[in-house]
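# Observations on the three-dimensional arrangement
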Amino acid sequence: MAKPDVISADEMGHALGLLVHDLRNPAATISANVDFLQEVGVSDTDSVEALQDVKLAVGELRRGLDLLAWISRWFTGQIPLEAANGDVGVFIRRLEREETPAPVTVEIDDAGQLHAQGAQVAVEVVDLLLHNTRANAPDTTATVRVYEDNHRVVIEVQDSGEAIAPELRAKAFTLEGQKDLKGRLDGRYGRFVGLFAAAVVLDGVGGSIEADGEKGAAVFRIRLRQARPTRPPST
């Protein structure tokens, strides 16, 4: 069969959506069976460790399917992830109380106006970037800063890894750029085309992401549009 000359974004999105739907069922079946075997118990240490490895791998698979679902919806003109407006600082502070892919220190500039459109998306994207830290930084800890800059709410994720090379930064968050990131220490490729997925989900709420920094001090900078704080209804 001849390859098509051109595939529209809509066709690509629908095809990805079908793949995500079809792969979720076997992933859920594997996960359920691993949970069952862990519950009833297995007879030896090697089997316990093998089941734990399978559980971790299925968790990664399901995470990848979530990212592909975002990309699928973006290709078809939908909002990749519905997200509430709110105080970004409040959402990010939750990272201090939750298990994260990499340990974090959170710094919030409470003097700024930190209400933003789609603020809830910030947690999802930061989680994605912390997976990137875990995979690429020698010291898998990160600092997450939130502040206001030029009528935008900014979230910075900094770690000790190599920053994305300057010549790659313009295309690091595009689909076509992912192949150029792969295999380079200064490419910071994220599993499941993670940096492209980050750009896609931010685009859905009018936000953006950029790379900055230097060797040993890599920076990812998320920018969200400010939003007016919602007032509680009067009684």
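Use the structure listed above.
In this report, the structure presented in the accompanying data block is examined.

Parameters at a glance
- All residue numbers refer to positions counted from 1 along the written sequence of the respective chain.
- The predicted nature of this model means local features are confined to residues of pLDDT at least 70 and side-chain atom pairs, given and counted, to a pLDDT of 80 or more, with totals for whole chains, interfaces and linings taken over all residues.
- Working from all heavy atoms in the structure, the side-chain values ignore hydrogens and water.
- Pairing between two strands is assigned when DSSP locates at least 2 bridges connecting them.
- Only DSSP runs of H or I reaching four residues or more are called helices, and only runs of E reaching two or more are called strands; each is numbered from the N terminus.
- Fitting a line to C-alpha atoms yields each axis, with helices limited to the stretch in contact; the angle taken between N-to-C directions then spans 0 to 180 degrees.
- Whether two residues are in contact is decided by their heavy atoms: any pair within 4.5 Å suffices.
- Between rings of Phe, Tyr and Trp, where Trp is taken as its six-membered ring, a pair exists when centres lie within 6.5 Å; planes separated by under 30 degrees are stacked, by over 60 edge-to-face, and by other angles tilted.
- Residue exposure (1.4 Å probe, protein chains only): buried if accessible area is under 20% of the type maximum, exposed if over 50%, otherwise partly exposed.
- In this scheme, a helix's expected span is set at 1.5 Å multiplied by one less than its residue total.
- Oblique is the label for any angle not covered by the other classes, which are roughly parallel (under 35 degrees), roughly antiparallel (over 145) and roughly perpendicular (65 to 115).
- Take the far helix as the reference: if the near one is turned anticlockwise from it by less than a right angle, the crossing is left-handed, and if turned clockwise, right-handed.

As a further point, take the sheet that holds strand β2 (residues 104-108). As summarised here, the arrangement of the five strands in space is β2-β4-β5-β7-β6, forming an open sheet in which the pairing is mixed. The strands lining the two open edges of the sheet, one partner per strand, are β2 and β6 (208-214). Averaged over all pairs of adjacent strands, the angle between strand axes in this sheet comes to 20°, irrespective of strand direction. Where strand β5 (residues 152-159) and strand β7 (residues 217-225) come together, eight bridges link them in antiparallel fashion. Considered in β7, the bridge of D159 is made with A218. This element, helix α6 (residues 194-203), spans β6 and β7 of the sheet and lies at about 135° to β6.

Okay, the packing of aromatic side chains next. Within this structure, the stated rule accounts for four aromatic pairs. Judged by centre distance (5.5 Å) and plane angle (55°), the ring pair of W74 and F75 falls under tilted. Assessed through its relative accessible area of 31%, W74 is described here as partly exposed. In textbook terms, an aromatic cluster arises when at least three aromatic residues are bridged by ring pairs, as seen for W74, F75 and F196.

A separate point is unusual backbone geometry. Even without glycine at this site, F192 takes up a positive phi of about 65°. The residue F192 is located in the loop between α5 (178-181) and α6 in this model. Backbone geometry places V193, a non-glycine residue, at a positive phi of 40°. One can find V193 in the loop between α5 and α6. A residue is classified by how much of its surface remains accessible, and V193, at 18% relative accessible area, is buried.

Quick look at helix α4 (residues 121-136) now. Over its 16 residues, α4 runs 23 Å from end to end, which matches the ideal 22 Å to within 8%, given 1.5 Å per residue. Of all the positions in α4, only V121, A122, V123, V125, V126, L128, L129, L130, H131, N132 and T133 are classed as buried.

It is worth spelling out the packing of helix α2 (residues 45-75) against α6 at this point. Running from amino to carboxyl end, α2 crosses α6 at an angle of 50°, the nearest separation of the two axes being 9 Å. Viewed along their axes, α2 and α6 adopt a mutual orientation that is oblique. Between α2 and α6 lies a crossing whose hand is left-handed. In this structure, α2 uses L67, W70, I71 and W74 to contact α6, whose residues at the interface are G194, F196, A197, V200, V201 and D203.

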